[in-house]
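Descriptive structure summary
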Amino acid sequence: MYQSDFPIVRTLAAARECAWLNPKLSDAKTALSKLAIGEADVEDARARLARFAPYLAARFPETREAGGLIESPLREIPRMKAALAPDMPGRLFAKLDSDLPIAGSVKARGGIYEVLKHAETLAREGGLLREGDDYAKLCSQEARAFFSNYAVQVGSTGNLGLSIGTMSAALGFRAIVHMSADAKQWKKDLLRAKGVTVLEYEGDYSAAVAEGRKRSDADPASHFVDDENSLDLFLGYAVAAKRLDAQLKALGVPVDAAHPLFVYIPCGVGGGPGGVAFGLKLIYGDSVHVFFVEPVQAPCMLLGLATGLHNQISVTDIGLTGKTHADGLAVGRASGFVGRTVEELLSGEFTLADARLYDYLRSLTDSEGVFAEPSACAAFAGPRGLFALPEGREYIEARGLAPHMENASHIAWLTGGALVPEEARKAYLAVSL
Ligand SMILES: *Cc1c(COP(=O)(O)O)cnc(C)c1O
């Protein structure tokens, strides 16, 4: 039934790689003015992370050099560009969230932010923190004892669990991560080594989430991190845009109508890429063009946006499996909240077959000496699709961007990788589908 209404759904159902241009894309000002959240909310999140910087610098030495900010480098990758799309005009950069401190993935933005915000709320209510305090005092035994009265729980296939579990346990919370059986063993081991309770479930990811939520709801002292509906997660991700803006300025890379910025981000449930996209549109408006990338078997956000059904439709409803080698992207149903928020902001999407994840992964390692996990490498379907597929050229033409493409910057958002053990990296490099 969905197929007949939307031709794109037929392509998705056939698990064919495709490009989709968002017919609802509006001018940024109009689209943003319709939303209940805005710049003040992102600024509030940024300021909160700044308050926690002294604590993070003290507790996680790897953040000290950046003054306690959890941030990743922006690096130009000309050799990858030559390997990927030699005729592509403009510059190609990688945003290396693969190297984010503490959790080694984009989840170190939203996930850690939500835990910190929850900790701040409790500590202020409990008289442990007062306005103007140096948050480094949260390293104390007293603070840890205080937080041990509370639990933080999350359901996760891996990376969200790593970020929530690690940060919660560091503060002293009882941290419980509910994981599906298919989650990587090394992720479970790593969490347990940090004092996190890892509970495993036979079914898929949604079974882990459902059980986690049930247990958390039954405990008044427990906070459940809701990957699908959390505004805090979303705003934590959105802060990335402000940091990126500073990095682009430092590199002398202009972003304006004559210097367009294209950003390609792998999408799972949507919070990470949605938050980043929202933050970027607030700063750059119509000069930034954000595309999501999803696997052909799990294009949940594309399906929700194209049909307008958001979280009311699952990829299994059109006969797809939802299964993919891209761990963080193996999601059948997108966040409805994120879908409605980016509905008029997103430029479009590209889908890719799993085999390409490994091609890009090898290519990136060979050309630039950079490692990113398979999910993250999906980002490279973006620049390739924009120049190789008819829809990409159509987008450039329809928006009058052709004269500016020589001055364009393209960013592949590499969403994870640093924590992948050496053995697993070797195995990824050897995969060929
Ligand atoms: C979680 C994740 C994503 C996608 O983020 P969502 O918020 O689920 O859309 C992309 N890449 C990696 C490596 C991830 O862990």
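Higher on the page you've got the structure.
Residues numbered from 1 in each chain as written. Predicted model: local features only at pLDDT ≥ 70, side-chain atom pairs only at ≥ 80, totals over all residues. Heavy atoms only, no water.

1. Quick notes on the packing of helix H11 (residues 231-250) against helix H12 (residues 271-284)
To characterise two packed helices, one gives the angle between the axes of the helices and the distance between these axes. Heads up, the rule is: Orientation is described by lines fitted to C-alpha atoms, with helices fitted over the stretch in contact, and by angles between N-to-C directions that extend from 0 to 180 degrees. The numbering of helices and of strands both runs from the N terminus, where a helix is a DSSP run of H or I of at least 4 residues and a strand a run of E of at least 2. Roughly parallel means an angle under 35 degrees; roughly antiparallel, over 145; roughly perpendicular, 65 to 115; everything else is oblique. Each crossing gets its handedness from the near helix: less than a right angle anticlockwise from the far helix is left-handed, clockwise is right-handed. Any two residues whose heavy atoms approach within 4.5 Å at even a single point are treated as in contact.
The geometry of H11 relative to H12 is characterised by a closest axis approach of 7 Å and an angle of 50 degrees between their N-to-C directions. One element, H11, and the other, H12, form an angle in the oblique class. When the axes of H11 and H12 are compared, the crossing they make is right-handed. Side by side, H11 and H12 meet where Phe234, Tyr237, Ala238, Ala240, Ala241, Lys242, Leu244, Asp245 and Leu248 of the first sit next to Gly271, Gly272, Gly274, Gly275, Val276, Phe278, Gly279, Leu280, Ile283 and Tyr284 of the second.

2. Focus: the pairing of strand E6 (residues 197-201)
The condition that has to hold: Whether two strands pair depends on DSSP finding at least two bridges between them. Handedness rule for crossovers: strands pointing away from the viewer, path from the first strand over the helix to the second running clockwise, crossover right-handed.
In this structure, strand E5 (residues 174-180) lies alongside E6, joined through five bridges in parallel fashion. Note that in E6 the partner of Met179 across the bridge is Glu200. Handedness of the E5-helix H9 (residues 185-193)-E6 crossover: right-handed.

3. A word on the pairing of strand E10 (residues 348-352)
This is how it is decided: Using a 1.4 Å probe on the protein chains alone, a residue whose accessible area is under 20% of its type maximum counts as buried, one over 50% counts as exposed, and one in between counts as partly exposed.
Along E10, five of the five residues are buried, which leaves the element largely enclosed by surrounding structure. Sheet analysis places strand E1 (residues 19-21) next to E10, joined by three bridges and oriented antiparallel. Each residue of the ladder has a partner; that of Trp20, found in E10, is Glu349. Examined bridge by bridge, strand E9 (residues 288-295) and E10 share five bridges and lie parallel to one another. Directly across from Val293, in E10, lies its bridge partner Phe350.

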